[in-house]
Protein chains: 2
Amino acid sequence: MSFTEAYGVFSVDGSSPRIGFASGEAVHDLRALADAGALDHGGLAEVCRADDLLPLLAAGPEVWSGLRSRLADVVGSVETIALDGVTMHLPFPVRDFVDFYSSIEHATNLGRILRPDGEPLLANWRHLPVGYHGRSSTVVVSGTPVRRPAGQSRPDPAGPPVFGSSQMLDFELEVGFVTGGPDNRMGEPLDVSSAEDSIFGLVLVNDWSARDIQAWEYQPLGPFLGKSFATSISPWVVPLAALSSFRVPGPVQSPPPLPHLQASEPRGLDLSLEVWLRTPSMSSPVRISSTSFAGVYWSMAQQLAHLTSNGAVVGAGDLCASGTVSGAGPGSEGSLMELTWRGSRPLVLPNGETRGFLEDGDEVTMTGWCGDVGFGSVVGRVVGLS
Amino acid sequence: MSFTEAYGVFSVDGSSPRIGFASGEAVHDLRALADAGALDHGGLAEVCRADDLLPLLAAGPEVWSGLRSRLADVVGSVETIALDGVTMHLPFPVRDFVDFYSSIEHATNLGRILRPDGEPLLANWRHLPVGYHGRSSTVVVSGTPVRRPAGQSRPDPAGPPVFGSSQMLDFELEVGFVTGGPDNRMGEPLDVSSAEDSIFGLVLVNDWSARDIQAWEYQPLGPFLGKSFATSISPWVVPLAALSSFRVPGPVQSPPPLPHLQASEPRGLDLSLEVWLRTPSMSSPVRISSTSFAGVYWSMAQQLAHLTSNGAVVGAGDLCASGTVSGAGPGSEGSLMELTWRGSRPLVLPNGETRGFLEDGDEVTMTGWCGDVGFGSVVGRVVGLS
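Residues numbered from 1 in each chain as written. Chains lettered and ligands numbered in written order. Predicted model: local features only at pLDDT ≥ 70, side-chain atom pairs only at ≥ 80, totals over all residues. Heavy atoms only, no water.

Focus on the nonpolar core
Thinking step 1. Residues Leu202, Leu243 and Ile288 of chain A together with Leu202, Leu243 and Ile288 of chain B are the most contacted members of the largest nonpolar core, which totals 164 residues.
Thinking step 2. Residues in contact with Ile288 of chain B, not counting those within four places in the same chain, are Phe171, Val275, Trp276, Leu277, Gly331, Leu336, Leu339, Leu347 and Leu349 of chain B. (Core = buried A, V, L, I, M, F, W, Y, C linked by side-chain atoms within 4.5 Å. Buried < 20%, exposed > 50% of the residue type's maximum accessible area, 1.4 Å probe, protein only. Contact = heavy atoms within 4.5 Å.)

A closer look at the interface of chain A and chain B
Thinking step 1. In this complex, chain A contributes 55 residues to the contact, which on the side of chain B involves 55 residues.
Thinking step 2. Summed over both partners, the interface of chain A with chain B buries about 5300 Å², with 62% contributed by carbon and sulfur atoms.
Thinking step 3. Contact with chain B buries surface across chain A, with Arg135, Leu221 and Phe224 of chain A losing the most and accounting together for 15% of the total.
Thinking step 4. Taken together, the connections running from chain A to chain B amount to six salt bridges.
Thinking step 5. Across the salt bridge formed by Arg147 of chain A and Glu188 of chain B, the nearest N and O atoms sit 4.0 Å from each other. (Buried area = accessible area lost by both parts, 1.4 Å probe. Salt bridge = Lys/Arg side-chain N within 4 Å of Asp/Glu carboxyl O.)

Points about the relation of the copies chain A and chain B
Thinking step 1. Once chain A has been moved 0.0 Å along the axis and rotated by 180 degrees, it coincides with chain B to within an RMSD of 0.0 Å. Taken together, the rotation and translation relating the two chain copies correspond to the operation of a two-fold axis. By C-alpha distance to the rotation axis, the residue of chain A lying nearest is Gly222 of chain A, at 2.0 Å.
Thinking step 2. In this assembly the copies share their binding face: 100% of the residues contributing to the interface of chain A also contribute to that of chain B. (Least-squares fit on C-alpha atoms with pLDDT ≥ 70 in both.)

A word on helix α7 (residues 300–308) of chain B
In an α-helix, one turn spans 3.6 residues, which is why side chains three or four residues apart end up on the same side.
Residue and element names in this part refer to chain B.
Thinking step 1. Counting buried positions along α7 gives nine out of nine residues, so the element sits mostly inside the fold.
Thinking step 2. Listed as buried for α7 are Met300, Ala301, Gln302, Gln303, Leu304, Ala305, His306, Leu307 and Thr308.
Thinking step 3. For α7, the secondary structure elements touched by its buried residues are β6 (97–100), β13 (173–179), β14 (199–206) and β22 (319–321). (Helix = DSSP H or I, 4+ residues; strand = E, 2+ residues; numbered from the N terminus.)

Quick look at the sheet that holds strand β20 (residues 272–278) of chain B
Thinking step 1. Read from one edge of the open sheet, five strands run β9-β26-β25-β20-β21 (chain B), paired in mixed fashion. Either end of the sheet is taken by a strand with one partner, and the two such strands are β9 (146–147) and β21 (286–292) of chain B. (Pairing = 2+ DSSP bridges.)

Below, the structure written as structure tokens:
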């Protein structure tokens, strides 16, 4: 694991949490840098002494770019801590968490699995980035164990519902972005052409999903307890400003979106993504999915323009995730639901084990990178219900 | 408007916001009381000097009851401020906002309107309190103007979607509860029998809804922009502890819920609710709905047990709303969608005006009371898109 530039919250040897800047395999303690007077420019010291990224997020693009150029000068000349020696914490308190559904391959796969006799894509899908609100207080940092949820489901569609531990626990490979700067005024949407100015950076997201709970609960108001037990994010936030050379044209949108969602190119991002699985009997993980964020239909700017088109407020600490990122070919699907076609075609692992859905003790690791810019990983291990 | 006991955040003559305790038509400044040494017992002073209710919410039931009995001793012997002379603020920052769908009359009405050929109640409805996450950052205090949202809709079901201001703006009459005390441990559900211990108090909620935006967006992930532009709450939080003499048996639940949702009686609350409308040409409002919270199918304890059954965390600052409260008879429906049957039977107001949905300048006021315990009101006026 190596970074070009990324921000996170770390502690070391039981210290209090503080902001770190990762570069290569080293972590720079920004509180120490601020205390040493190395960040006495344009309000940088204050936001760098905080316990988490929220003040930096709130400070907005001018401070973000000021800090970025200042750190470029400082890095290399100061003491650092080894990346593998730090404990990572949730980088910022999540205000509102929105989960989109922006991969056409994922939405099509789900449509085929859940509504085999109908059109896989619903009528609205190509006209707006479908999304919903998730639970912000169960967004957790990578490494947090994920307890298998209990819940209601109806395993026999003609029988009564039952309550018990989920038998269809899944992951979802997603990319999230974190917004900052001042809130837009309530009632005043962000314009799609400048919406990215509100994005501080990106994280990897595992939107754990209990498919049996979700299937029984989700009509008519959408996913709730099938998702709200845990959502894991990678601890290092990669600034969007560090990714400008990896922007690529997005997929053709047909029909063209309505004017408020028409984004200029390059709206895509060439971010490679992988999912690795390690069962309790495996000594090392195996890759089970490999895909790219570049092909995702709805862009981050379009998601933000849509989210605020009704006047809703976004600002520091809001997290928006892409929805499951799936590619077109076999092995590029971002969930077990798709990789195993709802468990009907279990994965056969190199040691002969099979998996339709996740079992207790399974560890899921998602990684991402744009060329030489690493995103690190988001890891979570499933713990059984006691 | 008169209170027995309620907590809110107020300012007066441009002062900084502080916690107030309302009793009768008087507001007690709890910061001033703390500064005067009147609250030097059991950690009361610290939470009462805060800018909002969050520290009090976090302090938990022992502090809540300690403050309640202390204030009972103090009230009447100290200076107060007239209720009508204060400016009210959002009483606490909302962490996660969950909106349930717990009135069987409302869910049945919506089913009949939206799916006239099917069973009005979906298969899961009687087995669990259906709910979803709303947007916490657009929960606003009573009195905040509500901008008519823009959004995508498809007025002609055979035609393309259009973007413009909502033509079907509605209110929803709801009751919300605010939780507090320490968070449950992630992965460890609240037990239905003690879940109410986590409830600090209740507010009235107007869950503004744009029916045309909602109809086009909500499949398959539920309501999003049709709701997230604004949710108004009443400024005074009435402690649940003040309502014990108004508890009543809930409606019979058939089939009986699964064991984790079986709540002991009395699970209901005899809370009377009204909706009043004033159009720009009316000098005083007219009552357009009158109903009761007592008949709501799923209780607050059942909602909390369900919400945490998968291990999700609740604690200080979480807001859960009931969903629209509708009664069985005409004039007891909690939304214009139902009162006018999706606009097809417009209300005729005393001055001859008609309303299918809300027009610019319309002011909606919701009030509630349990016997002599007032909840005050939640008011909002619709402002046109400029």
